[in-house]
Amino acid sequence: MQADALTMQADALTMQADALTMQADALTMQVDALTMQADALTMQAGALTMQVDALTMQGIAKFNPVQINQMLY
């Protein structure tokens, strides 16, 4: 009987260790997901900056060369 109880306790400890390992893996995946989200937001910010720059250049391109020279000098 005691041997059965010890075996069950050992099994329970093994299952707890496995559960903790799975929790650690899940936390690692969450950290990775958050890192990827942060990277995606950074890329979106860069894309928006490029869009603003492109719109600015389009606005400048609507002027003729004389007007551009007048604005620059």
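Further up the page is the structure itself.
Okay, so let's go over this structure. Given the structure is predicted, the values throughout are model-derived calculations rather than measurements. (Residues numbered from 1 in each chain as written. Predicted model: local features only at pLDDT ≥ 70, side-chain atom pairs only at ≥ 80, totals over all residues. Heavy atoms only, no water.)

1. With respect to the overall build of the protein
Along the protein, the regular secondary structure elements total 2 helices and 0 strands. Computed over the C-alpha atoms, the radius of gyration of the protein is 31 Å, more than 25% above the 11 Å expected from 2.2 N^0.38 for a compact globule of 73 residues. Based on the C-alpha atoms only, the size of the protein along its principal axes is roughly 100 × 15 × 5 Å. In the protein, which comprises 73 residues, the share counted as buried stands at 0%. Surface summary for the protein: the accessible area is close to 6700 Å², and the carbon and sulfur share equals 68%. (Helix = DSSP H or I, 4+ residues; strand = E, 2+ residues; numbered from the N terminus. Rg over C-alpha atoms; globule rule 2.2 N^0.38 Å. Buried < 20%, exposed > 50% of the residue type's maximum accessible area, 1.4 Å probe, protein only. Areas by Shrake-Rupley, 256 points an atom, 1.4 Å probe, with all protein chains shown as cover.)

2. Some remarks on the environment of Ala26
Its location among the elements puts Ala26 in helix H1 (residues 2–61). Along the primary structure Ala26 and Met50 are separated by 24 residues, whereas in three dimensions their C-alpha atoms are 36 Å apart.

3. Regarding a nonpolar patch on the surface
Among the surface-exposed residues, Ile60, Phe63 and Met71 lie close enough to one another that they form a single nonpolar patch of about 260 Å² accessible area. Inspection of the secondary structure puts Met71 in helix H2 (residues 65–72). (Patch = residues over 30% accessible without salt bridge, like charges linked within 9 Å, V, L, I, M, F, W, Y side chains within 5 Å. Salt bridge = Lys/Arg side-chain N within 4 Å of Asp/Glu carboxyl O.)

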